[in-house]
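# Structural characterization, general
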Amino acid sequence: YKVLLVPEVATLTQVGRGLIYNQIKGEEMIKFEVEMMKAMISLEDYFTEIALLCKQQAVVLCDRGVMDIKAYMTDEEWTILIDDQNTNEMVLRDQRYDAVIHLVTSAKGAEKFYSLENNQARSEGLELAKQIDDKLISCWVGHQELTIVDNSQEGAFERKMQRTLEAALKMLGHDVNVGVYKKYLLEGFKEEDLKQLQKYEKFQVEDYFLEHEELNVENKLRKRGQNSNFTYMHFLRIPGKTPEKRVQLRSQLSARQFRTLIQQQDPNSYPLLYNRYTFAYQHFTFIIDDIYNLPEKYTYLRVETDIEDSSKIVFPPFLKVAKDVTYDFNYTTFSISKKDRENKK
């Protein structure tokens, strides 16, 4: 791959002696962050266009993403900013980036390595760094490919970098030794229980299975909406030698492409309609899918982790896990969508 690196705008601003956070507030601060967002988007678009001109496969890595700006503003200031720019969070978070890999600050769990010397734009002490890290994670909750890389494993920085590389390679469709989505059936789930969390995101999701010449390949479209804004995706999931080695290829679609491809819908499968809830808890990213349109009700909890022992995963105390169905084909969405499922039981 040709790897292109988009530099951090805050650092560029600091090098140019333009980082003036301590001199402004209120409307001036909002204006400053608007200009920073414009600069980030411009740089990202610039590098993306360069990537498209490359003669080999290219990957664009961004040091920061535009949603990070939200962590340094109040909710009211952020709302003013996105309204001023005539945009919304689904555009900035979900449509703009194919994947998000958050490296937890060393101020959490690796305090002896925390330093201000390796980043000219950083000025936070240990406690403030922890608070901002929590806010940054919260900003990206809801992205379909959010990976949180913490400091819990042995090997410190080297292992952290390896996990980051594996997450990126997995996103590119490579068969790598990286964490899998553990999957569980939930009992008695109620949305109101999630109000105990600091934050969660809710989406309305529609999955449509398409015909494919190979019966064991999952060929699927997804329409995901929030506040009347939608994203469209195509997934191709190819079985590996073992269940955890399954390869997933995904691509963003336009609404027109979605409408064209949905004509290939498999007549032997139900569409899946469900509410999706995403949240972060104890450095784990959780997804709850509450499927409501099938003859039988299914509520799944998913968490991406490289911890094989479920007893070591920290679940929110208000969720009741009924069964681990991670490698049970009968509980895959591909399987439960089949119209002849009842006849096979």
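Nothing here was measured: the structure is a model prediction, and the numbers come from that model.

The secondary structure content of the chain amounts to nine helices and 13 strands. Buried positions account for 46% of the 345 residues belonging to the chain. Taking all contacts inside the chain whose residues are at least 6 apart in sequence as the whole, residues at least 24 apart take part in 64%. About 19,100 Å² of surface is accessible on the chain, with carbon and sulfur atoms providing 50% of the total.

What follows concerns the pattern of salt bridges. This structure, assessed with the given rule, holds 31 salt bridges. Between K338 and D266 there is a salt bridge, with its nearest N and O atoms 3.4 Å apart. Residue K338 is located in the loop between α8 (333-336) and α9 (341-344), and its partner D266 is located in the loop between α7 (255-261) and β10 (272-281); the two are separated by 72 residues in the primary sequence. For the pair formed by K338 and D266, the shared burial category is buried.

Moving on: the nonpolar core. By size, the foremost hydrophobic cluster in this structure holds 36 residues, and its most contacted members are M36, M37, I69, W78, L81, L92 and W140. Per element, the largest residue contribution to this core is 10 residues, and it comes from helix α2 (residues 27-53). Apart from the residues lying within four places of it in its own chain, the contact partners of L92 are M37, V66, M67, W78, I82, T87 and Y97.

Another point: the packing of α2 against helix α3 (residues 75-84). Direction vectors running N to C along α2 and α3 enclose 50°, while the axes themselves pass 10 Å from each other. In terms of orientation, α2 and α3 fall into the oblique class. Crossing of α2 against α3: the hand is right-handed. Each of I30, E33, V34 and M37 in α2 lies in contact with α3, whose residues at this interface are E77, W78, I80, L81 and D84. Taken together, the residues of the contact of α2 with α3 sort by class into six nonpolar, no polar and three charged.

What follows deals with the side chain of D207. When you line up the elements, D207 lands in strand β6 (residues 201-209). Reaching out from D207, the side chain makes a polar contact with the side chain of Y274 at a distance of 2.8 Å. For D207, the residues in contact, after removing those within four places along its chain, are K220, L221, R222, P271, L272 and Y274.

As a further point, take α3. Among the residues of α3, those classed as buried are E77, W78, L81 and I82. Projected down its long axis, α3 carries its buried residues within an arc of 125°, all on one side. Along α3, exposed side chains directed more than 90 degrees from the buried face belong to D75, E76, D83 and D84. In this fold, the buried residues of α3 make contact with α2 and α4 (89-95). N86, located one to two residues past α3, shows a positive phi value of around 55°.

What follows concerns a nonpolar patch on the surface. A contiguous nonpolar surface patch, about 450 Å² in accessible area, is contributed by Y1, V3, L5, L61 and L172. Positionally, L61 belongs in strand β2 (residues 58-62). Residue classification places L61 among the partly exposed positions, given a relative accessible area of 40%.

Counting buried positions over the eight residues of strand β12 (residues 298-305) gives eight, a clear majority of the element. The side-chain alternation of β12 yields two buried faces, one formed by Y298, Y300, R302 and E304 and the other by T299, L301, V303 and T305. As judged from the six bridges shared by strand β11 (residues 284-291) and β12, these two strands associate in the antiparallel manner. Following the sheet pairing, F286 is matched in β12 by V303. Hairpin connection, β11 to β12: the antiparallel pair is bridged by six residues.

A few words now on the packing of aromatic side chains. Aromatic ring pairs are defined here through the distance separating the ring centres and the angle between the ring planes. In this structure the tally under the stated criterion is 13 aromatic pairs. Taken together, a centroid distance of 6.4 Å and an interplanar angle of 70° make the contact between F329 and F334 edge-to-face. Judged by relative accessible area, F329 falls into the exposed class, the value being 52%. Accessibility expressed as a relative area gives 12% for F334, which makes it buried. Here the aromatic residues Y184, F279, F284, F286 and F315 are joined through ring pairs into a cluster of three or more. Its end group placed over the ring of F203, R224 keeps NZ or CZ at 3.9 Å from the ring centre.

Here is what the cut-offs are and how they apply
Residues numbered from 1 in each chain as written. Predicted model: local features only at pLDDT ≥ 70, side-chain atom pairs only at ≥ 80, totals over all residues. Heavy atoms only, no water. Helix = DSSP H or I, 4+ residues; strand = E, 2+ residues; numbered from the N terminus. Buried < 20%, exposed > 50% of the residue type's maximum accessible area, 1.4 Å probe, protein only. Contact = heavy atoms within 4.5 Å. Areas by Shrake-Rupley, 256 points an atom, 1.4 Å probe, with all protein chains shown as cover. Salt bridge = Lys/Arg side-chain N within 4 Å of Asp/Glu carboxyl O. Core = buried A, V, L, I, M, F, W, Y, C linked by side-chain atoms within 4.5 Å. Axes fitted to C-alpha atoms, helices over the stretch in contact; angles between N-to-C directions. Parallel < 35°, antiparallel > 145°, perpendicular 65-115°, else oblique. Left-handed = near helix turned anticlockwise from the far one by under 90°. Nonpolar A, V, L, I, M, F, W, Y, C, P; charged D, E, K, R; others polar. Polar contact = N/O pair within 3.5 Å; in protein donor to acceptor, adjacent residues only side chain to side chain. Arc of directions from axis to C-beta. Patch = residues over 30% accessible without salt bridge, like charges linked within 9 Å, V, L, I, M, F, W, Y side chains within 5 Å. Pairing = 2+ DSSP bridges. Phe/Tyr/Trp six-rings, centres within 6.5 Å; stacked < 30°, edge-to-face > 60°. Lys NZ or Arg CZ within 6 Å of the ring centre and 35° of its normal.

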